[in-house]
Amino acid sequence: MPTDVVMPQMGESIFEGTITKWLKKPGDKVQRDEPLFEISTDKVDAEIPAPASGILQEINVPEGSTVQVNTVVGVIGDRDGAPAAAPAKAAAPSVARASSPASPSAPPVPAPAVHDEEDSEVRSSPLVRKLAREHNLDLAKVSGTGAGGRVTKQDVLDFVERRTSAPVAAPAPAVIPGDLVPMSQMRKIIAQRMVESRRTSAHVHCMFEVDMTRIVNLRNKLKNGFEQRHGTRLTFMPFFVRAAIIALQQYPIVNSSLEGESVRYHKHINAGIAVALDWGLIVPVLKNAGDLNFLGLQRGIADLGERARSKKLMPSDVEGATFTITNPGQFGAVFGLPIINQPNVAIMGVGGIAKQPVVITDKDGADSIAIRSVVHLTLGYDHRIIDGALADQFMVVVKKTLEDWSEEVG
């Protein structure tokens, strides 16, 4: 028989999926493991690879249709129309993104697409071109400092850092395809989850201003050596995650969830960390984050972010968060008021780090004005079980940990 293409099961609790897009049409040649179609479930969106090489003979389920797992959605045959040789087990699909974001933060401004044809005209190594693709970076815009104008790895990293810290340019006016446009499956699920969260939790927010000067100076001093020693960039996120972990250990109610009229205190801290993509927002989960040292946090955060951008997350990577951190500040926001990521009871929003004048009081009580690097942190919490005083005390620990940072970075 020809090779059947079936709707895969993307997790134990998932029993159906919606085909959002066919990447091939009947009569097209298909290579085994080549992306064949895209699906959306109530947990993740995914690209599904072809189970065999050959010709796509039939599409049984059109785009927009929802079917049960293991339903035959298409058929692949060989070039003569005969059955295609298929492996005993189809390759596992690569997960694109979670359907429920931690917060409805503004979408990132799309960076220019990177094409190998363009990159080939720029003098650079395969490693540099790979790094540019990971950051959606056009190498033609990077000034090379290597021999003969060659673009180096450090040139790319410096460009990315300058782009991240620069003001976000206003996007071009969107082309409106029609007066009434159906919502995508992902958008429908986001809408449902956000309304459910608002209806479920009694949302309250508190905001704290934090002096990040010590950490900014420390990062600037250590970032080059850190990357050379450990093979990963030193970012600000592990500082915020570590500060939240310390506060969660002192106030475990913030790391809980509500089950009926009982409170579930979680034994481990699983940090959900929102990652902005050009097609949406995903919240991969750093499991057992409280057991990791600073280097482990940085490596774990970088790994989740890279696999999110390359569509290699699995359903288990986006499940089990006990506390969530989202970072609207990377796009220039001073602060955000994020919606709680159910079933969590709290979410911390990280604003942008910016220099501003601050009144400093010395040990003798004398005041002066100094330029400091400041960030605004917001805690959104469920007032059903977390009172304002406790939320403020939690944030005081986060603030003190960051302002008096003393842990070894590596």
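Keep in mind that what you see is a predicted model, and the values were worked out from it rather than measured. (Residues numbered from 1 in each chain as written. Predicted model: local features only at pLDDT ≥ 70, side-chain atom pairs only at ≥ 80, totals over all residues. Heavy atoms only, no water.)

1. Some remarks on the overall build of the protein
Threshold: Only DSSP runs of H or I reaching four residues or more are called helices, and only runs of E reaching two or more are called strands; each is numbered from the N terminus. Any two residues having at least one pair of non-hydrogen atoms within 4.5 Å are treated as being in contact. All accessible-area figures derive from a Shrake-Rupley calculation using a 1.4 Å probe, and residue coverage is judged against the displayed protein chains alone.
Along its length, the protein carries eight helices and 20 strands. Taking the contacts inside the protein whose residues are at least 6 apart along the sequence as the reference set, 67% of them involve residues at least 24 apart. Accessible area of the protein: about 21,100 Å², with a carbon and sulfur share of 53%.

2. Digging into the confidence of the model for the protein
Rules: For every residue, the predictor states its confidence as a pLDDT score lying anywhere from 0 to 100.
On average, residues of the protein score 83 in pLDDT, and 80% of them are at 70 or above. Throughout residues 85–105 the model reports pLDDT below 50, and contacts reaching past four residues in sequence, or to other chains, amount to 83 contacts.

3. Here's the deal with the sheet that holds strand S3 (residues 29–30)
Which entries qualify depends on this criterion: Pairs of strands are assigned from DSSP output, requiring at least two bridges between the strands.
Sheet architecture is open: four strands sit in the order S1-S8-S6-S3, paired in antiparallel fashion. Both outer strands of the open sheet, strand S1 (3–6) and S3, are each paired with one neighbouring strand and no more. In this sheet, strand S8 (residues 72–77) lies alongside strand S6 (residues 54–59) in antiparallel orientation, the contact comprising four bridges. Bridged to Glu-58 within S8 is Val-75.

4. Quick word on the side chain of Thr-232
With respect to the secondary-structure elements, Thr-232 resides in the loop between helix H5 (213–230) and helix H6 (237–250). Ignoring any residue separated from it by four or fewer positions in sequence, one finds Thr-232 in contact with Phe-226, Glu-227, Gln-298, Arg-299 and Ala-302.

5. Observations concerning H5
Here is the rule: Multiplying 1.5 Å by the helix residue count minus one yields the expected span of that helix. Consider a residue and the seven residues that end there alongside the seven that start there; fitting an axis to each set, the bend is the angle between those axes.
Taking 1.5 Å of rise per residue, 18 residues should cover 26 Å, and H5 covers 24 Å from first to last C-alpha, within 8% of that figure. Leu-222 marks where H5 bends most, by close to 50°. Two residues or fewer past H5, Gly-231 is found with a positive phi of approximately 75°.

6. Some thoughts on unusual backbone geometry
In this structure, Pro-343 follows Gln-342 across a cis peptide bond, with omega equal to 5°. Topologically, Pro-343 is positioned in the loop between strand S17 (323–326) and strand S18 (346–350). Non-glycine residue Asp-33 carries a positive phi angle of around 75°. As for its placement among the helices and strands, Asp-33 is situated in the loop between S3 and strand S4 (35–40).

7. Looking at the pairing of S17
Definition in use: Buried residues are those whose accessible area, probed at 1.4 Å on protein chains only, stays under 20% of the maximum for their type, while exposed residues exceed 50% and partly exposed ones sit between those limits.
On S17, burial covers both faces: Phe-323 and Ile-325 on one face and Thr-324 and Thr-326 on the other are all buried. Pairing of strand S13 (residues 271–273) with S17 involves three bridges; the strand directions are parallel. Residue pairing in the sheet places Ile-273 in a bridge with Ile-325 of S17. Across three bridges, S17 lies against S18 in parallel orientation. Opposite Thr-324, over in S18, you have Ile-347 as the bridge partner.

8. A look at the pattern of salt bridges
So the rule is basically this: The term salt bridge refers to a pairing of a side-chain nitrogen on Lys or Arg with a carboxyl oxygen on Asp or Glu at a separation within 4 Å.
Enumeration according to the criterion identifies 10 salt bridges in this entry. Taking the shortest distance from any N to any O, the salt bridge between Asp-303 and Arg-307 comes out at 3.1 Å. Highlighted residues: Asp-303 and Arg-307, both in helix H7 (residues 294–309), separated by four residues, approximately one helical turn. Put simply, Asp-303, Arg-307 and Asp-317 are held in one network by salt bridges that share partners.

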